[in-house]
Amino acid sequence: MDKHPIGIFDSGVGGLSIWKEINALLPHEPTVYLADSKNAPYGEKSKDEIIQLCIKNTEFLIKKGCKLIVVACNTATTNAIDYLRAHYHLPFIGIEPAIKPAALRSKSKKIGVLATKGTLSSLLFHNTAENHAEEIRIYEQVGTGLVPLIESGRMDAPETRALLEKYLDPMIAAGIDYLVLGCTHYPYLLPVLKKILPEHVRIIDSGEAVARQTKAILIKNDLLADTVENPIHRFITNADVKILQGFLAGYGPSLEVAYFDF
Ligand code: DGL
C-alpha cells in the first residue's frame, strides 16, 4: 500500500489519452501529469535532446513524490527509457507502437504505422519491427505537423484532414488492414481517421496495455493505493492552461490544472 501519486509525462496533451486509461483501470490512484508543451514536438528532436527533456521531467516528478513514472510518449520511451531505467531507482512504464498485436491480427499481412520521426528512427522501434519483418509488411509514415495541430486543439481542421489523407492514402492503396497509432497524441484524431479509413481497416493503439502494465507493476512492487477515496489529480503544463483544461473537460472536480515553468 502506497498513497504516493503515479507520475505521468508527455510532450503535451497526448499522454492524457494514457492518463484516462490509467484512471479508468486504477480509480484509487492519485496522479501528477506533466505536459511539456513548451518543448513539443519531441518527435523532431535528437535522441540526446529527448533524453535531457526526460531527465528534467523525471526529476520534477520525483520531487513531487511520485512512486512510479509512466512515460506516456512513444518518442520519449523509444529514445530514453533505457537511460531512465539505468539512472533512477523507481519503476518506469513506457509506451511503444502496438506492432505486435497488429501483426498477429492482420489478415492482409500489411500494417501501417503512423508515428513521429523520433519514434520511427529509434533503435527500439527498429528492433521490434525487425522481429515481425518476415511475416508482415510494415508501412511506416512520419506524422509531421500533426502534433502541433493537436496541441492547438485543431483536430477537426481541414488542414488536419488533408495531412492525414496525404499520409494514409498510400498505405490504404497498398492494402493495410491495421493502422497502428504510434504517438499518444493521435487517439485524438480518431473521429477524422474513421472518416478517412475504409471500414475494414482497424485502428490500434497501446493505451489500454500501458494501463494494464502499470497496474501489474504496482501490484508486483506492493505500491497500490487501493484504499484512497477521491484521489487528487494534478496536471501541470508549461504552456496554455486552457488547452489542457479543454482536453480534460467532463472529468470532475478532483482535477487541479496549473501553469508552472518546469
Ligand atoms: N506524444 C508523443 C508520442 O507519443 C510525442 C509527440 C511529439 O512531441 O512529437 O510520440
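Look up: the structure comes first, before these words.
These notes cover the structure that comes with them. (Residues numbered from 1 in each chain as written. Predicted model: local features only at pLDDT ≥ 70, side-chain atom pairs only at ≥ 80, totals over all residues. Heavy atoms only, no water.)

### Observations concerning the sheet that holds strand β6 (residues 137-142)
Here is the rule: Whether two strands pair comes down to DSSP finding at least two bridges between them. Each helix corresponds to a stretch of at least 4 residues labelled H or I by DSSP, and each strand to a stretch of at least 2 residues labelled E; elements are numbered beginning at the N terminus. Every axis in this analysis is a line fitted to C-alpha atoms, fitted for helices over the stretch in contact. Angles between the N-to-C directions lie between 0 and 180 degrees.
The 4 strands lie next to each other as β6-β5-β7-β8, forming an open sheet whose pairing is parallel. A single partner strand is all that each edge strand has here, and the edge strands are β6 and β8 (202-204). Pairwise comparison of adjacent strand axes, ignoring direction, gives a mean angle of 20 degrees for this sheet. Where strand β5 (residues 110-115) lies against strand β7 (residues 178-182), 5 bridges are found, and the strand directions are parallel.

### Section: unusual backbone geometry
Cis geometry is adopted by the peptide bond preceding proline 41, which originates at alanine 40 and carries an omega value of -5 degrees. Its identity is not glycine, yet lysine 109 carries a phi of approximately 60 degrees, on the positive side. Looking at where lysine 109 falls in the secondary structure, it is placed in the loop between α4 (99-105) and β5. Positioned with a positive phi, asparagine 230 is a non-glycine residue whose angle comes to about 45 degrees. Mapped onto the elements of the fold, asparagine 230 is located in the loop between α10 (207-220) and β9 (233-237).

### Side note on helix α8 (residues 158-174)
Quick note on the threshold: Here, expected helix span is obtained from the residue count minus one, scaled by 1.5 Å. Two axes define the bend at a residue: one fitted to the seven residues ending there, one fitted to the seven starting there, and the bend is the angle between them.
The end-to-end C-alpha distance of α8 is 25 Å, a good match for the 24 Å that 17 residues give at a rise of 1.5 Å each. Residue leucine 168 marks the point of greatest curvature in α8, where the axis turns by about 35 degrees; the proline proline 170 follows within four residues.

### With respect to the side chain of threonine 58
Where we set the bar: The contact criterion used throughout is that any non-hydrogen atoms of two residues lie within 4.5 Å.
Examined against the element boundaries, threonine 58 turns out to sit in helix α2 (residues 47-63). Here threonine 58 is in contact with Phe9, Ile69, Leu84, Tyr88 and Phe92, once residues within four sequence places are set aside.

### Remarks on the pattern of salt bridges
Rules: We define a salt bridge as a contact between a side-chain nitrogen of Lys or Arg and a carboxyl oxygen of Asp or Glu at a distance within 4 Å. A 1.4 Å probe rolled over the protein chains alone gives each residue an accessible area, and that area as a share of the maximum for its type sets the label: buried under 20%, exposed over 50%, partly exposed in between.
Going through the model one piece at a time under the given rule, you end up with 7 salt bridges. A salt bridge links glutamate 165 to arginine 161; the nearest nitrogen and oxygen atoms lie 3.0 Å apart. Of the two residues, glutamate 165 and arginine 161 both sit in helix α8, 4 residues apart, roughly one turn of that helix. Under the relative-accessibility criterion, arginine 161 is labelled partly exposed at 31%. In this structure, glutamate 256 and arginine 234 form a salt bridge, with 3.1 Å as the shortest nitrogen-oxygen distance. Taken together, the positions of glutamate 256 in strand β10 (residues 255-259) and arginine 234 in strand β9 put the pair 22 residues apart, joining distant regions of the chain. A residue is classified by how much of its surface remains accessible, and arginine 234, at 36% relative accessible area, is partly exposed.

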